[in-house]
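# Structure assessment
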Amino acid sequence: MVVDGADGVETQPGRVLLRFLDTASEARVLGETRVPSGTTVFDAASWNGIAIDSTCGGHGTCRKCRVRVLDGAVGVSDLDPRAFAPDELADGWRLACRANAQDDLVVEVPPLQTRPKAALAGVGRHVILRPAVQKRHLVLDEPTLEDQLSDLERVYAAMDDLELHASLDVVRELPRILRASDYDVTAVVVDDELIGVETGDTTSSCHALAFDLGTTTVVATLLDLTTGQPLSVRSQLNRQHRYGADVIARISATMIEPGALDDLRQQAHQTLAELTTEVCADADVDPREIYEIVVAGNVTMIQLALGIDPEPLGMAPFVVASRAPVAARASDFGVDVHPRAPAVTFPALGAYVGPDILAGLVATGLTRDRRTRLFIDVGTNCEIVLGSSSQALATAAPAGPAFEGATIRCGMRAAEGAIEGVRLADGGVEIQVIGDAEPIGICGSGLVDAVSELLRVGLLESSGRLVLEEEAGERAPGLVEHMARVPNGKGGEERVFVLAWRGGDPARSVYLSQVDVRRLQEAKAAIATGWKLLVRRLGIQEDDIQQVLLGGSFGAYLTPASAVRVGLVPPLAVTRIVAAGNVAGEGAKIAALSLPERHAATALLDEVEYVEASGNADYNDLFLEELTFPA
Ligand code: FES
C-alpha cells in the first residue's frame, strides 16, 4: 500500500527516508534515499555513491565510519561507546555501519580522510572502490624472549582494526613465510578472513575475477582492485552447450543421462578455467594474485557449476536449493587462482528470477533511483522488474527462444552475418548485418525491426497477418517482389517476405515467414503481459514509466522505435529506451569492487517482490489481447 507522508511525498510502509548533509555546509545535501527500515546508514550511503570513511568495509572494526545524526533517532550500538565519548554520543555521533535506520533521518557526513577511488560500472553507476579484498603491507617486530607473541597474533596485532580469522592452511605457511621474509610481509584479507601472507610488499598487485556465467556465453573480466579498472575481458561459448541451448534441456539431461550432472559441472568448470587462463595471459597477471571471484548467472547455471542437482528447478513448484548465496571457494567453480580465494554469488528471488537478475539490478541501480523504471532482460525466460527506490516488483515471462533466433525459419543468434536491422522504403529493403558480412540469417533485433517495418508500410496487419500480394501491390508497390511463397515442409506453402535474396529462389534466401510473425507475437505477448501486470500491481499508468532498460545483446541491437511499434515495450520517447548491455556481468564487477554493493544485492531479497504472472486471474485475457500489434 502506498500512503502520503507528512511532507506530501509518497512513502512506503517499512521504508525510511535518509538525507545526507555535508559537514562543511549543513545546507549542502549530498544525497537523499529511501531504503528498507533497518538498513544501516553506511550501506544506504554507499548504495547511493556517498562515501563514508572506512577501512573495514562496514564490518564494525575500523571505527572510522563516524557520522552525526542531526534529526531522527538511532540507538547507541554496542560499539559506539568504544568509538565516542559520552558527550559525542549525546550529540548524535554514531558508527554508520552499526546505525540501523528505523526512522527518517538527517545525517551529517564528515569529509573523508582519504579520497576514495571510484570506478564507473554498470549502467552509468559511480561505484566507490571498497573491495572485500584488502592487502596490508606489514613490517613486524621479530619475536624475542621478551616478546613471545605467536606468529598469528603478531600478524593480527598489526591489523587491530579488523577482527580476523584464518584457516589451518594459512597457519601452516605462516612461520616459514615470516622468517624467510625477515618479517616484512603483506597480509591478504578477504572480508574478515586472512587468506594468505606474502613475502615483501605486494600491495600493488591485487586482483579479482568477475564472471557472467551465461547459458550461451560466458564472460570473464579481470579486475585490478587497486584502481577498479578492468585489465582484460574474454568470452567464449559455455561448453555445456552440447547438452542443449536452454536451461530446460540441461536440467532434463541431468534427469535422463547418468553422469550428466557431473559432466555439466565439469564443462562449466572447464569454460571458466579456460577463460581464467586467457585473461591472465592477456594481462600478464599471475593467477595466484587473484584473491576473489564473483560469479553471476541464472539459478540453473550456478547450481550446475556447483554440482547441485537442478531437477527441482525444472518442475512445479520450481524450488531453488538456496535463495541466499552459498559460501564457496573459487576451486568449487574449477577456477585455479589463489587457493583460498572465495567465490561470491548473488542471491535468487526464485527459480526464474535468479542471481543474474539481482546482479542486473545492482548494475542498473533500479532500486536506488527515484525514477520509475522498467528493466527487461530478454531471453527464453524473460525477466522483468518494474519499480524505483520506493517499491519494486519482478516477474518472469516464458517468452520462448524466438528473440534468440531459435524457432524462426531463418533465425540465428546475434553474431556475424545476422541481419540486425531492417528498413523498408518503397524502393526496396535496406538491411544492417552484424560484422558487415553477407547476410546468413536474422537475429532477434532484426526480427523485431522487420515486423515493425512491415506494420509501418501496411504489409502486415495488426492481427499479424501478412497481406496478400494483390493488397501489397496497392500498399507498397516497390516491395511486392519481396512477397513470396516457400514450401512449409508439410507439402504446402507458406507466405514469406524476403529480406535478402540469394539467387532467385526465396527458399534459399533470408526471409521472414508468416509463422515467424506468429512466434514473435507469442513472445512479445508474454513479455508485454508480464510488464502490464506489474504496471497494474504497482498502481501506476504506463506513462509513469520514465525509462526502459533492455538487457543483453538483444537490447544492444534493438531499434527502440521498433520495440515500441510492435508493443514489446511501453510507448515511451525513444531516448528513454536504453540498452543496458551485459548487466549480469556488470553486477558481478560491481560486487567485486564494492563490499557495500554486495550487501545491497542481499538486501534485494527483501526489497523486490516476486509476482507469479501466470497465477494472475487476468493473465490469459491480457495475453490474448497482447497477441495483436498496437493499431
Ligand atoms: S567500523 Fe568500519 S565501517 Fe564502520
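Every value quoted in this text rests on a predicted model; they were computed, and no experiment measured them. (Residues numbered from 1 in each chain as written. Predicted model: local features only at pLDDT ≥ 70, side-chain atom pairs only at ≥ 80, totals over all residues.)

### Focus: the overall build of the protein chain
What the protein chain contains, in helices and strands, is 17 helices and 31 strands. The C-alpha atoms of the protein chain give 28 Å as radius of gyration, which agrees with the globular expectation for 631 residues (25 Å, within 12%). Taking the principal axes of the C-alpha coordinates as reference, the protein chain spans close to 100 × 60 × 45 Å. Counting every position in the protein chain, which comprises 631 residues, the buried fraction comes to 48%. Intrachain contacts of the protein chain at a sequence separation of at least 6 include 66% that bridge at least 24 residues. (Helix = DSSP H or I, 4+ residues; strand = E, 2+ residues; numbered from the N terminus. Rg over C-alpha atoms; globule rule 2.2 N^0.38 Å. Buried ≥ 20, exposed ≤ 12 C-beta atoms within 10 Å, placed from the backbone. Contact = placed C-beta atoms within 7 Å.)

### Focus: the packing of helix α9 (residues 355–364) against helix α15 (residues 583–593)
At a closest axis distance of 7 Å, the pairing of α9 and α15 adopts a crossing angle of 70°. By the angle between their axes, α9 is roughly perpendicular relative to α15. Counted together, D356, A359, G360, V362, A363 and T364 of α9 and V583, A584, E586, G587, A588, I590 and A591 of α15 form the full contact between these two elements. Residues that form the contact of α9 with α15 fall into these classes: eight nonpolar, three polar and two charged. (Axes fitted to C-alpha atoms, helices over the stretch in contact; angles between N-to-C directions. Parallel < 35°, antiparallel > 145°, perpendicular 65-115°, else oblique. Nonpolar A, V, L, I, M, F, W, Y, C, P; charged D, E, K, R; others polar.)

### Comments concerning the pairing of strand β26 (residues 483–487)
Strand direction decides the pairing type here: β26 and strand β27 (residues 493–500), joined by five bridges, are antiparallel. Its bridge partner being in β27, R485 is matched across the sheet by R495. Hairpin connection between β26 and β27: a loop of five residues separates the two successive antiparallel strands, and G489 in this loop has a positive phi of roughly 80°. (Pairing = 2+ DSSP bridges.)

### Topic: helix α5 (residues 168–180)
At L174, α5 shows its largest kink, close to 40°, and the proline P175 lies no more than four residues downstream. Contacts from the buried residues of α5 go to α4 (151–157), β11 (165–166), β12 (184–190) and β13 (193–199). (Bend = angle between axes of the 7 residues up to and from the residue.)

### Some words on the sheet that holds strand β24 (residues 428–433)
Strands in a sheet are paired, the pairing made by backbone hydrogen bonds, and the direction either parallel or antiparallel. What the three strands build is an open sheet, ordered β24-β23-β25; its pairing is mixed. Only two strands of the sheet have a single partner each, and these edge strands are β24 and β25 (441–442). The pairing of strand β23 (residues 418–425) with β24 spans six bridges and is antiparallel. Residue A425 lies in a different strand from β24, and its bridge partner there is G428. Strands in contact with helix α10 (residues 444–457) are β23 and β25; relative to β23, the strand with the most contacts, it is inclined by about 10°.

### Let's talk about the environment of Q229
Here Q229 is to be found in strand β16 (residues 229–237). Taking the C-alpha atoms as reference points, Q229 and H207, 22 residues apart in sequence, are found 10.0 Å from one another. Setting aside anything within four residues of it in sequence, one finds Q229 in contact with A119 and D224.

### Describing the domain arrangement of the protein chain
Each assigned domain of the protein chain is listed here: domain 1 (3–116), domain 2 (133–199), domain 3 (208–345) and domain 4 (360–631). The distance between the C-alpha centroids of domain 2 and domain 3 comes to 32 Å. Contact with domain 2, which involves seven residues of that partner, is made by eight residues of domain 3. Listed by contribution, the elements that provide at least two residues to the side of domain 2 that touches domain 3 are β12 and β13. Looking at the side of domain 2 that touches domain 3 residue by residue, the classes come out as four nonpolar, two polar and one charged. (Domains from an automatic or database assignment.)

### A word on the sheet that holds strand β6 (residues 93–95)
Spatially, five strands are ordered β4-β3-β7-β5-β6 in an open sheet, and the strand pairing comes out mixed. Looking at the sheet topology across the chains shown, the edges are occupied by β4 (29–36) and β6. Across the sheet, the mean angle separating the axes of adjacent strands is 35° when strand polarity is ignored. With seven bridges connecting them, strand β3 (residues 15–22) and β4 associate as antiparallel partners. Bridged to R19 within β4 is E32.

### Here we look at α10
With 14 residues, α10 extends 20 Å between its outermost C-alpha atoms, agreeing within 8% with the 20 Å of an ideal straight helix rising 1.5 Å per residue. Burial within α10 is extensive, with twelve of its 14 residues counted as buried. Buried within α10 we find G444, S445, G446, L447, V448, D449, A450, V451, S452, E453, L454 and L455. Phi turns positive one or two residues past the end of α10, at G458, with a value near 90°. (Expected span 1.5 Å × (residues − 1).)

### Looking at unusual backbone geometry
Here A316 and P317 are connected by a cis peptide whose omega angle stands at 5°. With respect to the helices and strands, P317 occurs in the loop between α8 (299–305) and β18 (328–329). Of note, D191 is a non-glycine position whose phi angle comes to about 60°, a positive value.

### With respect to the nonpolar core
Formed by 190 residues in total, the largest nonpolar core has its most connected members in F211, I293 and I442. In terms of residue count, helix α12 (residues 514–538) provides more of this core than any other element does, eleven residues in total. Not counting residues up to four positions away in its chain, the partners in contact with I293 are A208, L209, F211, A330, F333, V335, V337, A341 and A343. (Core = buried A, V, L, I, M, F, W, Y, C linked by C-beta atoms within 7 Å.)

### As for the environment of D161
Considering the arrangement of structural elements, one finds D161 in the loop between α4 and β11. A sequence separation of 105 residues divides D161 from C56, and the C-alpha atoms of the two residues are 7.4 Å apart. If we ignore the near neighbours within four places in the chain, the residues touching D161 are T55, C56, T61 and C62.

### Points about the environment of R329
As for its placement among the helices and strands, R329 is situated in strand β18. Distance in space between the C-alpha atoms of R329 and P339 is 8.2 Å, their sequence separation being ten residues. Leave out the neighbours within four places in its chain, and R329 touches R340, A341, P342 and A343.

### Some thoughts on the confidence of the model for the protein chain
Low pLDDT marks stretches whose predicted atomic positions should not be read closely. Mean pLDDT over the protein chain: 90, with 97% of residues reaching 70 or higher. Here residues 1–13 scores under 50 on pLDDT; set against residues more than four positions off or in separate chains, the count is twelve contacts. (pLDDT = per-residue confidence, 0-100.)

### A few points about the packing of α9 against helix α16 (residues 595–607)
When two helices pack together, their arrangement is given by the angle between the helix axes and the distance between those axes. In contact at an axis separation of 10 Å, α9 and α16 are set at 125° when each is read in the N-to-C sense. Overall, the two elements α9 and α16 adopt an arrangement that is oblique. Note that α9 runs across α16; the crossing there is right-handed. Between α9 and α16, the residues in contact are L358, A359, L361 and V362 and E597, A600, A601 and L604, respectively. (Left-handed = near helix turned anticlockwise from the far one by under 90°.)

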